[in-house]
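# Topology and contacts: notes
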There are 2 protein chains.
Amino acid sequence: MRAVIPYKKENAKSRLSTVMTKEQRETFVEKMLLDVVATLKEGGIRNIDIITPKACDVKKEVKANIIEDDTDLNDCLNKYLSQKEEPILIIMADLPLVKFSHIEDIVASEADVTIVPGKGGGTNILFIRKPEKFRVKYYGSSFENHCMIAAQQKLSIRVYDSFLASTDIDEPQDITELLLHGQGIAKDYAKKRFGKTESKGRVKISPFNEILMS
Amino acid sequence: MRAVIPYKKENAKSRLSTVMTKEQRETFVEKMLLDVVATLKEGGIRNIDIITPKACDVKKEVKANIIEDDTDLNDCLNKYLSQKEEPILIIMADLPLVKFSHIEDIVASEADVTIVPGKGGGTNILFIRKPEKFRVKYYGSSFENHCMIAAQQKLSIRVYDSFLASTDIDEPQDITELLLHGQGIAKDYAKKRFGKTESKGRVKISPFNEILMS
């Protein structure tokens, strides 16, 4: 089996632009990628591919095979799947809360397709036992898309229920979860930049510097 | 063992007031309470108490013992715990995504305290084996509070990792999760009032009637 991580550094995480500069966001996604790769290795995954539009955007310290592909996310992943005959784990790069035990659980799953939903209808992780029978359809309500595609192909589905694995870091309130429940270097990076503000409702982040600095 | 659900109907869920009228919010929390009680019963919990400031606010069809207490959430729950000698499951009323299998897992836990975090630092479920040794501290970063209180009391802690059980319905985007992953009557209620709007980012809800009507 292999894992593949789609990764884009340039102007990444635009929905965090209210709390981070472009440079900070680009550094932050690098840290999250390092966390995800470390977790995969800890979870026993030896073959890791990173698909990225610009190979030089992946730091040399990231120990993985780099595949340069600047086509749309769905196109490049479907091309990738069509070339594979072994089980494939597709994992997003913005999941610093995932632990190696989640990876172990997911790849031990007997279902044809294991899906970890993301917040707001996304898909954070897909484990596909028969890549030749599946195609991805990210963006929008991709969790529903992927359930439907698996059903159309008569593939069995397991929805993996984990708060940590379902928390993709895309919007400012997600950084709260990283501060509260995280452990890796992306959490350390966030911790230097954000405090937590309590109220009667949910805890929010508060940037230490109101005027953002890289 | 017993379960206890703190419940307030009057002007409930004020953070949903941008998408629901007061009357709709009050009906919605009733539906969520019914879902939670049904799930507890399905999960094998026979003794269910509901603590509420106004007993008449709990519909007769809700099969549970009603305890009227109009003091603060922490005060009334700590008074409740101090009077109990059996394991206590505290579960919030806004968790329509919780399934009976979660309840079974949680009450089978051997830890002194099992905590299900809520979104943004909250606490959705607490299973307390020795209620005389524990006290609650809700609001703000209550997940951290409860971990700290357990540690101070030298009680073992298990953090229960579930996307469904960690999704409390408090803000408009939470209703998206209910529409996507829910099953009970609160989901049916939401489904009549909201559609889903897709974009490149997370799926959002869109009220069917822009001008809110009860």
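Described in the following lines is the structure provided in the data block. (Residues numbered from 1 in each chain as written. Chains lettered and ligands numbered in written order. Predicted model: local features only at pLDDT ≥ 70, side-chain atom pairs only at ≥ 80, totals over all residues. Heavy atoms only, no water.)

Residue and element names in this part refer to chain B. On the basis of which strands lie adjacent, the open sheet formed by seven strands has the order 3-2-1-4-6-5-7 and mixed pairing. Edge positions in the sheet fall to strand 3 (65–68) and strand 7 (157–159), since each has one partner strand and no second. The sheet shows a mean angle of 20° between the axes of neighbouring strands, direction not considered. The sheet contacts of helix 3 (residues 100–107) involve strand 4 (88–91), strand 5 (113–117), strand 6 (123–128) and strand 7, and relative to strand 4 the element is tilted by about 140°. (Pairing = 2+ DSSP bridges. Helix = DSSP H or I, 4+ residues; strand = E, 2+ residues; numbered from the N terminus. Axes fitted to C-alpha atoms, helices over the stretch in contact; angles between N-to-C directions. Contact = heavy atoms within 4.5 Å.)

Before going further, it helps to spend a moment on the environment of Leu77 of chain A. Residue and element names in this part refer to chain A. Relative to the elements of secondary structure, Leu77 occurs in helix 2 (residues 73–82). By relative accessible area, Leu77 is classed as buried at 0%. Sequence separation of Leu77 and Ser199 is 122 residues, and the distance between their C-alpha atoms is 42 Å. (Buried < 20%, exposed > 50% of the residue type's maximum accessible area, 1.4 Å probe, protein only.)

To continue, consider the relation of the copies chain A and chain B. By a simple turn and slide, chain A fits onto chain B: the slide is 0.0 Å along the axis, the RMSD is 0.0 Å, and the turn is 180°. Given the turn and translation reported, the copies of this chain are related as if by a two-fold rotation axis. By residue overlap, the copies meet face to face through one surface: 100% of the interface positions of chain A are interface positions in chain B. (Least-squares fit on C-alpha atoms with pLDDT ≥ 70 in both.)

Okay, helix 7 (residues 185–193) of chain A next. All names here are of chain A. Where helix 7 is concerned, the buried positions are Ala186, Lys187, Tyr189 and Ala190. Projection of helix 7 onto a plane perpendicular to its axis shows the buried side chains occupying an angular sector of 160°, all on one side. Relative to its buried face, helix 7 has exposed residues pointing more than 90 degrees away, namely Lys191 and Lys192. Where the residues of helix 7 are buried, they touch helix 1 (22–42), helix 6 (172–181) and strand 8 (194–197). (Arc of directions from axis to C-beta.)

To continue, consider the packing of helix 6 of chain A against helix 7 of chain A. All names here are of chain A. Relative to each other, helix 6 and helix 7 sit at 110°, their axes nearing to 9 Å. By the angle class used here, helix 6 and helix 7 are roughly perpendicular. Here helix 6 runs over helix 7; the crossing is left-handed. Where helix 6 approaches helix 7, its residues Ile175, Leu178 and Leu179 are matched on the opposing element by Ala186, Lys187, Ala190 and Lys191. (Parallel < 35°, antiparallel > 145°, perpendicular 65-115°, else oblique. Left-handed = near helix turned anticlockwise from the far one by under 90°.)

Pairing between the strands of a sheet comes from backbone hydrogen bonds, and it takes one of two forms, parallel or antiparallel. Residue and element names in this part refer to chain A. Pairing is mixed in the open sheet, where seven strands are placed in the order 3-2-1-4-6-5-7. Among the strands making up the open sheet, the edge pair consists of strand 3 (65–68) and strand 7 (157–159). Taking each pair of neighbouring strands and ignoring which way they run, the sheet shows an average axis angle of 20°. Bridge analysis of strand 2 (residues 48–52) against strand 3 gives four bridges, and the strand direction is parallel. Bridge pairing in strand 3 links Ile51 to Ile67. Relative to the sheet, helix 3 (residues 100–107) contacts strand 4 (88–91), strand 5 (113–117), strand 6 (123–128) and strand 7, its axis offset from that of strand 4 by approximately 140°.

This part is about the packing of aromatic side chains. All names here are of chain A. Taken as a whole and assessed by the stated rule, the structure comprises two aromatic pairs over all chains. Ring geometry for Phe28 against Tyr189: centres 6.0 Å apart, planes inclined by 25°, an arrangement best described as stacked. Of this pair, Phe28 sits in helix 1 while Tyr189 is found in helix 7, placing the two residues 161 residues apart along the sequence. With respect to class, Phe28 is no different from Tyr189; both count as buried. Here the basic side chain of Arg193 rests over the ring of Tyr189, its NZ or CZ set 3.7 Å away from the ring centre. (Phe/Tyr/Trp six-rings, centres within 6.5 Å; stacked < 30°, edge-to-face > 60°. Lys NZ or Arg CZ within 6 Å of the ring centre and 35° of its normal.)

Looking now at the state of the cysteines. Residues and elements named next belong to chain A. Scanning all chains against the criterion turns up zero disulfides over all chains. Left unpaired, Cys56 is separated from the closest cysteine sulfur, that of Cys76, by 17 Å. Cys56 gets classed as exposed once you look at its relative accessible area, which sits at 65%. Classification of Cys76 as buried rests on a relative accessible area of 4%. (Disulfide = S-S within 2.5 Å.)

This model, assessed by the stated rule, comprises 34 salt bridges over all chains. In this structure, Asp174 of chain A engages Lys119 of chain A in a salt bridge whose closest nitrogen and oxygen atoms are separated by 2.7 Å. Linking Asp174 of chain A in helix 6 with Lys119 of chain A in the loop between strand 5 and strand 6, this pair joins segments that are 55 residues apart in sequence. Judged on exposure class, the residue Asp174 of chain A and its partner Lys119 of chain A are both buried. Lys59 of chain B is the salt-bridge partner of Glu61 of chain B, the closest N and O atoms lying 3.8 Å from each other. Under the relative-accessibility criterion, Glu61 of chain B is labelled partly exposed at 48%. If you follow the salt bridges from partner to partner, you end up with Lys13, Arg15, Asp94, Lys119, Asp168, Asp170, Glu171 and Asp174 of chain A together with Arg202 and Lys204 of chain B in one network. (Salt bridge = Lys/Arg side-chain N within 4 Å of Asp/Glu carboxyl O.)

The next subject is the interface of chain A and chain B. At the interface, 34 residues of chain A touch 34 residues of chain B. Considering only the surface of chain A that becomes buried against chain B, Asp161, Phe163 and Arg202 of chain A emerge as the three largest contributors, covering 27% of it. Our count for the contact surface shared by chain A and chain B stands at ten salt bridges. A salt bridge links Glu144 of chain B to Lys196 of chain A; the shortest N-O distance between them is 3.2 Å. Looking at the side of chain A that touches chain B, the elements that each hand over two or more residues are helix 4 (142–152), helix 5 (163–166) and helix 6 of chain A. Of the residues forming the side of chain A that touches chain B, the biggest block, six residues, is contributed by helix 6 of chain A. For the side of chain A that touches chain B, a count of residues per class yields seven nonpolar, 13 polar and 14 charged. (Buried area = accessible area lost by both parts, 1.4 Å probe. Nonpolar A, V, L, I, M, F, W, Y, C, P; charged D, E, K, R; others polar.)

Honestly, it's all geometry; don't read function into it.
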